[in-house]
Amino acid sequence: MTGGSRACWRVGAGMAAAPGVTERYFTRWYKPDVKGNLCEDHCILQHSNRICVITLAEAHPLLQNGKTIKNINYQISANCSRLQNKVSGKSKRGAQFLTELAPLCRISCSDGEEYTIYSCIRGRLMEVNENILDNPTILQEKVRILLTLSLFLIFIPVLYHGLIF
């Protein structure tokens, strides 16, 4: 190497790649068969600062069988929309409080099936991923990175009930 002290390292066949952000900073929890629906598993990524990210597990039917997502709806009822969640301040005033079985969104497929995504944990909803409204296919393209459905601030004692590590 000429002209400097920088070294170049190449990842060869014998070297393992560095873990990604989710593997490095998040603990992965699974909630299987949410509300008794077989294979509709959810994944909860818990950061050390108590922030949780709700995602779909790799075994969820939306990510299998080549399904095409037609629509994502955060309007839960006539009076409740997850998009209207406005959070402010240090104590996150205005955040919607959700229980384990509170719906986050409804996802419609082109084959007519509709899946309801639930929060799976008790906590306050910080934000939802509005990027998937414009381009719903990113849920299926980048499962490990952009599958974020919502962000939660949780209550630690409740997290471990019914979850699988």
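That block above? That's the structure.
Residues numbered from 1 in each chain as written. Predicted model: local features only at pLDDT ≥ 70, side-chain atom pairs only at ≥ 80, totals over all residues. Heavy atoms only, no water.

Focus: the overall build of the protein
Check the secondary structure of the protein and you find four helices and nine strands. Seen in sequence order, the protein has helices and strands lined up from the N terminus as α-β-β-β-β-β-β-β-β-α-α-β-α. Here the protein holds 165 residues, and 37% of them are scored as buried. Summarising the internal contacts of the protein: among those between residues at least 6 apart in sequence, 59% fall at separations of at least 24. Accessible surface, the protein as shown: approximately 9900 Å² in total, 53% of it carbon and sulfur. (Helix = DSSP H or I, 4+ residues; strand = E, 2+ residues; numbered from the N terminus. Buried < 20%, exposed > 50% of the residue type's maximum accessible area, 1.4 Å probe, protein only. Contact = heavy atoms within 4.5 Å. Areas by Shrake-Rupley, 256 points an atom, 1.4 Å probe, with all protein chains shown as cover.)

Some thoughts on unusual backbone geometry
The phi dihedral of D33 falls on the positive side, at around 50 degrees, and the residue is not glycine. Positionally, D33 belongs in the loop between strand 1 (26-31) and strand 2 (42-47). In the Ramachandran plot, K35 falls in the positive-phi region, its phi being about 55 degrees despite a non-glycine side chain. Counting through the fold element by element, K35 comes out in the loop between strand 1 and strand 2. Judged by its relative accessible area of 49%, K35 falls in the partly exposed class.

Re the nonpolar core
Ranked by internal contacts, the top residues of the largest apolar core, which has 26 residues, are I44, L62, I72 and I107. Counting only elements with at least two residues in this core, the list comes to strand 3 (51-56), strand 4 (69-73), strand 6 (103-109), strand 7 (114-118), strand 8 (123-128) and helix 3 (138-141). Considering each element in turn, this core owes the most residues, four residues, to strand 6. (Core = buried A, V, L, I, M, F, W, Y, C linked by side-chain atoms within 4.5 Å.)

A closer look at the sheet that holds strand 7
Strand order across the open sheet formed by three strands is 4-6-7, with antiparallel pairing between neighbours. A strand with exactly one partner marks an edge of an open sheet, and here the two such strands are strand 4 and strand 7. Pairs of neighbouring strands in the sheet enclose a mean axial angle of 20 degrees, with direction left out of account. Inspection of the sheet shows strand 4 paired to strand 6 by four bridges, in the antiparallel sense. Note that in strand 6 the partner of N73 across the bridge is R106. (Pairing = 2+ DSSP bridges. Axes fitted to C-alpha atoms, helices over the stretch in contact; angles between N-to-C directions.)

Focus on the side chain of K67
Counting through the fold element by element, K67 comes out in the loop between strand 3 and strand 4. Excluding residues within four positions of it along the chain, K67 makes contact with P61, L62, C109, D111, E113, Y115 and Q140.

Side note on the pattern of salt bridges
Scanning all chains against the criterion turns up three salt bridges. E58 is the partner of R28 in a salt bridge, and the nearest nitrogen-oxygen pair spans 3.9 Å. In this pair, R28 sits in strand 1 while E58 sits in the loop between strand 3 and strand 4, placing the two residues 30 residues apart along the sequence. Relative accessible area serves as the criterion here: at 22%, R28 is assigned to the partly exposed category. Under the relative-accessibility criterion, E58 is labelled partly exposed at 29%. Among the ionic pairs, D111 bridges to K67, the shortest N-O distance being 2.9 Å. You can see D111 sitting in the loop between strand 6 and strand 7 and its partner K67 sitting in the loop between strand 3 and strand 4, a full 44 residues away along the chain. Judged by relative accessible area, K67 falls into the buried class, the value being 12%. The network of salt bridges with shared partners includes K67, D111 and E113. (Salt bridge = Lys/Arg side-chain N within 4 Å of Asp/Glu carboxyl O.)

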